[in-house]
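Observations on the three-dimensional arrangement
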Amino acid sequence: MPELPEVETVKKALERKILNKTIFDVEIYRDKTIITDIDQFKNNLKGQTIVKLSRKGKFLIFHLTNDLVIISHLRMEGKFFLKNENDPINKHDLVIFKFNDHTELRYNDTRRFGILGLYNESNYLDISPINKLGKEPFEIKKEDLIKAYKNKNVPIKQILLDQSIMCGLGNIYCDEVLFESKIHPLTLAKDLNELDIENIINNSIKILNKAISLGGSTIHSYQSEEGINGEFQINLKAYGNENKLCPNCQKELLRKIKINGRGTTYCPNCQRNKSLPFIIGVTGPVGCGKSTASKLLSKDKYQIIDADKIVHELYANSQFVEQFRKSLKIKDVYDGNIINRDLLRKYLLIHPQIKNKLEKFVWKKVEDKILSMINKCQKDDVIILDVPLLFESKLNYLCDKIVLIYCSQINQIKHLKNRNINDDDLIKINQNFDIENKKKKADYIIVNNGSIDDLKNKLNNII
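Calculation notes
- Residues numbered from 1 in each chain as written.
- Predicted model: local features only at pLDDT ≥ 70, side-chain atom pairs only at ≥ 80, totals over all residues.
- Heavy atoms only, no water.
- Pairing = 2+ DSSP bridges.
- Helix = DSSP H or I, 4+ residues; strand = E, 2+ residues; numbered from the N terminus.
- Axes fitted to C-alpha atoms, helices over the stretch in contact; angles between N-to-C directions.
- Contact = heavy atoms within 4.5 Å.
- pLDDT = per-residue confidence, 0-100.
- Buried < 20%, exposed > 50% of the residue type's maximum accessible area, 1.4 Å probe, protein only.

Focus on the sheet that holds strand S7 (residues 103–109)
Across a sheet, strands are paired by hydrogen bonds formed along the backbone, either parallel or antiparallel in direction. In spatial order, the strands read S1-S6-S7-S5; together these four strands make up an open sheet with antiparallel pairing. Two strands lie at the open edges of the sheet, namely strand S1 (23–28) and strand S5 (78–84), each paired on one side alone. When strand polarity is set aside, the average angle formed by the axes of neighbouring strands in this sheet is 20°. Looking at chain direction, S1 and strand S6 (residues 93–99) are connected through five bridges and run antiparallel. Bridging from a neighbouring strand, aspartate 25 pairs with lysine 98 of S6. The strands touched by helix H1 (residues 4–18) are S5, S6 and S7; relative to S5, the strand with the most contacts, the crossing angle is about 20°. Along the sheet, helix H2 (residues 38–45) contacts S1 and S6; its crossing angle with S1, the most-contacted strand, is approximately 155°.

Points about the sheet that holds strand S11 (residues 278–283)
Read from one edge of the open sheet, five strands run S12-S15-S11-S16-S17, paired in parallel fashion. The strands lining the two open edges of the sheet, one partner per strand, are strand S12 (303–306) and strand S17 (444–447). Strand-to-strand twist in this sheet, taken as the mean axis angle between neighbours without regard to direction, amounts to 20°. Pairing geometry for S11 and strand S15 (residues 382–386), over five bridges, is parallel. Note on S15: the bridge partner recorded for glycine 281 is leucine 385. Across the face of the sheet, helix H11 (residues 355–375) comes into contact with S11, S12 and S15 while running at roughly 165° to S12. Against the sheet, helix H15 (residues 452–462) contacts strand S16 (401–406) and S17, and its axis sits at roughly 170° relative to S17.

A few points about the confidence of the model for the chain
Across the chain, the average pLDDT comes to 88, with 92% of residues at or above 70. Averaged over each element, pLDDT in the chain is lowest for helix H13 (residues 423–433) (60) and highest for S6 (98). Ignoring residues within four places in sequence, the model shows residues 219–224, a span with pLDDT below 50, making 20 contacts including any to other chains.

Overview of helix H5 (residues 171–181)
Judged by how many residues are buried, H5 sits mostly within the fold: ten of eleven residues are covered. Asn171, Ile172, Tyr173, Cys174, Asp175, Glu176, Val177, Leu178, Phe179 and Ser181 are the residues of H5 that are buried. Buried positions along H5 lie against H1, helix H4 (156–160), helix H6 (194–213) and strand S10 (262–266). Lysine 182 sits one or two residues past H5 and shows a positive phi near 60°.

Written out as structure tokens, the structure reads:
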């Protein structure tokens, strides 16, 4: 959808082409595009001259003689094209303004969501829909937003899209502003501090001005003028770049989620959710002391969320096991109505092709349970999130810091002597774990080849 910079670019393009042109007739090919009286729209515009164009938020306003204004909202794919009167009419041309110099301004809208309405200059700002708009970032004050956000128990991305609070930011520029401000889009508006709000205003102004100077962002079929594209899309750091390396930290892949139905892209490393507890992810290969580390931390009154425990509970849950059977069609891994983890692990070593499908199925259930547990915690809590395959499950996006624990294979074998894992199985497990790649992603690394007291001291240094 064209946003503030795109509408401003359309305004500037039209100013060069249609100012001081006089309308002698109006043709309407889709009645629903006109939201005011159609007969008045057609008849009252005849003989009027366009003297000025302006913009309010994402609304484009044509100022005419005789105290009249046309208000336009382009919605998804609305466009204005100036044509000669003899040019063929496009099937998506919905409204045509005929000028007395034999040119025509054609409103073209493939999706047919755009609207036009005729109002009086003297009071159009007091009439819906314009009167519902808040101030633009260029004019709003920090105190206005502090007051507006104070009791809003709603994600900030959703609040920024609410044009009644601050207008002018749509989906694209919300992602960009939050990325630049290092604010997680799911952070509740009430949890933002004064500096966060100041950053939102300042970065909104900076990003919108840059987008305007580059002619907006050409997304999908938007064009400010026929055959002319905006160039800001090459500067987009977050929007549309999911699964690409964050241009800021160069550490995490940008992640895409949906907030109130709108696609939202952010960096899980740079944009911390201040509405959630502080979460320390603990990960490492099997048999390297990860669970021991979590137990030591729990004694210091940190809350532990153990993904392994969640999986154990799922594998013993009859409803989950039934879904597992139907979805994955894996045989010979059950003890009655329970999934046997040892049998499943051996099955996966023999049938690695099923691994991705199984993990996707299980990890979604684990993620849902983890999120449910996190949401029950207080935002001032510290949580230890114990996940063996933290990066593979993509649950690292929840973590503020990540601790990787590993040890030598000799010590690993000692730790696993009671776990029914033979040497060949262990080699395959370690090969799949890719320890060197995970070292690059972790914030802290513990080599656990010493005593439990040594492990505790290393954890205390990190904490």
